[in-house]
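Analysis of the macromolecular model
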Amino acid sequence: MNAIPQEVTVPHFVGGGRIVTTAKPVPQPGAGQLLIEVKANALCGSERGQFRDGTPVTPGHEAAGVVAAAGPGATTRVGTPGAIFLMDFCGECRSCALGHTNQCLAKRGDMGFNRDGGYGVYELVHESLFFPTPSDVTPTEATLLLDIMGTGGHAIRRASLVHKDIQSVLIPGAGPIGLGLLAMVKLMLGKDIPVVLSDVVPYRLELAEKMGGLPVLATEMSLAEGMKRHGLELPDVVFDAAGQERVRDESMALLAHRGVLVSVAHGGGLTIKNLYADFVFREMTLIGSEYFSYNELPGNLELLRAHRDYLNQIITHRFGVGEIQHAFELFFEGNTGKVIIEQ
Ligand SMILES: [Zn+2]
Ligand SMILES: [Zn+2]
């Protein structure tokens, strides 16, 4: 472990799609806190606003690294590798008491959004957010535990609460979240369950197909036509990873009896007015799904270790932090899976 410097150079998102560098002091871990030396952080579509508008915070919320220093009362050993949970949950409120740490009612912050995140050299976290990982999992692989496996797996668990025999799945949006959902459906519900993915970007659909998905090019056909093309009629579950009102409406109208629409993507809206009679008659369910709970990490870690090669296909590009500007431009052009900044 290198000596910890007093100050480091970190990326600064100044707005207008420009990332420069700035110097920031390295914080000292206080009581119950850890200073993490970040080794990998995945780019995310939810950073589009920070890239466009700029932010004084150092972004990055899909980080993994090693413990560089521990504050008073923190028991994790220096050198321990692990991943960082996005939400700085309180651990004591009604939601946290039940394990719903993604629904904390007294959240202290969101790492990388209103607290300095993982594109910096070091990240200061409460120990409760740090999820230790075994040494055979690389930091880059450990980032898969977050928005890819975590968010995907949580959405599937949400759907499974009301649907016990999911036999077909439709995923509008084959970006990283859609690909994560695809992988987790295959790993959690069974590899033979047909999963149709639609997107406007052929690159993403090729990746989805390599991972066992059934592709639909949205510029060429409707979701209904796409389902038929793959010999399917009505999906039991739609996981919305596109975030567009039109796509949500189209998905909702397609649902089978007892069908579930799980909204994972933010943005857009939904109109069920014209569908309302069907909504009741077919006993549809509409579910929101936001990130995941900390306590889902151990199970997902076991899946990651058992299906490492399959899941690693989602990571298509890796760059050093000096190339972060290029990495973001490439990522937002759409012809990538997950893009990782490694340090
Ligand atoms: Zn993310
Ligand atoms: Zn809480």
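Residues numbered from 1 in each chain as written. Chains lettered and ligands numbered in written order. Predicted model: local features only at pLDDT ≥ 70, side-chain atom pairs only at ≥ 80, totals over all residues. Heavy atoms only, no water.

1. Side note on the pairing of strand 11 (residues 237-240)
Under the convention used in this document: Buried residues are those whose accessible area, probed at 1.4 Å on protein chains only, stays under 20% of the maximum for their type, while exposed residues exceed 50% and partly exposed ones sit between those limits. Secondary structure elements follow DSSP: runs of H or I no shorter than four residues count as helices, runs of E no shorter than two count as strands, and numbering proceeds from the N terminus. What makes two strands pair is DSSP finding at least two bridges between them. The handedness rule is simple: strands pointing away from the viewer, and a clockwise path from the first strand over the helix to the second, make the crossover right-handed.
Burial along strand 11 is two-sided: Val-237 and Phe-239 and Val-238 and Asp-240, pointing in opposite directions, are all buried. Pairing of strand 8 (residues 169-172) with strand 11, which is carried by two bridges, proceeds in the parallel orientation. From the neighbouring strand, Leu-170 faces strand 11, where its bridge partner is Val-238. Sheet topology note: the strand 11/strand 12 (residues 260-263) ladder contains four bridges and is parallel. Bridge pairing links Val-237 to Val-260 in strand 12. Following the backbone out of strand 11, through helix 8 (residues 245-254) and into the adjacent parallel strand 12, one traces a crossover that is right-handed.

2. Quick look at the packing of helix 4 (residues 149-162) against helix 10 (residues 297-306)
How we decide: To get an axis, a line is fitted to the C-alpha atoms, and for a helix only the part in contact is used. The angle between two axes follows their N-to-C directions and goes from 0 to 180 degrees. Each angle receives one of four descriptions, namely roughly parallel if under 35 degrees, roughly antiparallel if over 145, roughly perpendicular if within 65 to 115, and oblique otherwise. We call a crossing left-handed when the near helix sits turned anticlockwise from the far one by less than a right angle, and right-handed when that turn is clockwise. Working rule for contacts: check all heavy atoms of both residues, and any pair within 4.5 Å makes them a contact. For this classification, Asp, Glu, Lys and Arg are treated as charged, while Ala, Val, Leu, Ile, Met, Phe, Trp, Tyr, Cys and Pro are nonpolar and the rest, including Gly, are polar.
Running from N to C, helix 4 and helix 10 point in directions that differ by 115 degrees, and their axes come no closer than 11 Å. As the angle between them shows, helix 4 and helix 10 are arranged roughly perpendicular. Relative to helix 10, the crossing made by helix 4 is right-handed. On the side of helix 4, the interface is formed by Met-149, Gly-150 and Arg-157, while helix 10 contributes Asn-300, Leu-303 and Leu-304. Residues belonging to the contact of helix 4 with helix 10 are distributed by class as follows: three nonpolar, two polar and one charged.

3. Some thoughts on the sheet that holds strand 13 (residues 285-288)
The parallel open sheet is built from six strands, whose spatial order is 10-9-8-11-12-13. Either end of the sheet is taken by a strand with one partner, and the two such strands are strand 10 (214-217) and strand 13. Looking at each pair of strands side by side, their axes are set apart by 20 degrees on average, direction ignored. Along the sheet, helix 4 makes contact with strand 11, strand 12 and strand 13, crossing strand 13 at roughly 150 degrees. Together, strand 8, strand 9 (195-199) and strand 11 form the strand contacts of helix 5 (residues 176-188), whose direction differs from that of strand 9 by roughly 175 degrees.

4. A look at the coordination of the zinc ion (ligand 2)
How we decide: Donor atoms are limited to N, O and S found within 2.8 Å of the metal ion, a distance that becomes 3.2 Å for Na, K and Ca. With water left out, some sites might look partial. In this scheme the shape depends on donor count and angles: four donors with every angle between 85 and 135 degrees give tetrahedral, four or six donors with opposite pairs above 155 degrees and others between 65 and 115 give square planar or octahedral in turn, and any other case is irregular.
Surrounding the zinc ion (ligand 2) are the protein donor atoms Cys-90 (SG), Cys-93 (SG), Cys-96 (SG) and Cys-104 (SG), which sit 2.3 to 2.4 Å from the metal. For the zinc ion (ligand 2), the four donor atoms in the first shell make angles of 103 to 118 degrees at the metal, so the coordination geometry reads as tetrahedral. When the donor residues of the zinc ion (ligand 2) are listed from N- to C-terminus, their spacing reads C-x2-C-x2-C-x7-C. In this pair, the class of Cys-96 matches that of Cys-104, namely buried.

5. So, the environment of Tyr-294
Note that Tyr-294 resides in the loop between strand 13 and helix 10. Counting along the chain gives 210 residues from Tyr-294 to Ile-84, while the straight-line C-alpha distance between them is 9.8 Å. If near-sequence neighbours (up to four positions away) are discounted, Tyr-294 is found in contact with Phe-85, Phe-89, Thr-101, Ser-128, Leu-129, Phe-130, Phe-131 and Pro-132.

6. Focus: the coordination of the zinc ion (ligand 1)
Cys-44 (SG), His-61 (NE2), Glu-62 (OE) and Asp-147 (OD) make up the full set of protein donors to the zinc ion (ligand 1), lying at 1.7 to 2.4 Å. Note that the zinc ion (ligand 1) binds four donor atoms; their angles at the metal cover 87 to 130 degrees, and the shape is tetrahedral. In the primary sequence, the donor residues of the zinc ion (ligand 1) line up as C-x16-H-E-x84-D. One end of the pair, Cys-44, is in the loop between strand 3 (33-42) and helix 1 (48-53); the other, Asp-147, is in the loop between helix 3 (139-142) and helix 4, and 103 residues separate them in sequence. For Asp-147, a relative accessible area of 7% translates into the label buried.

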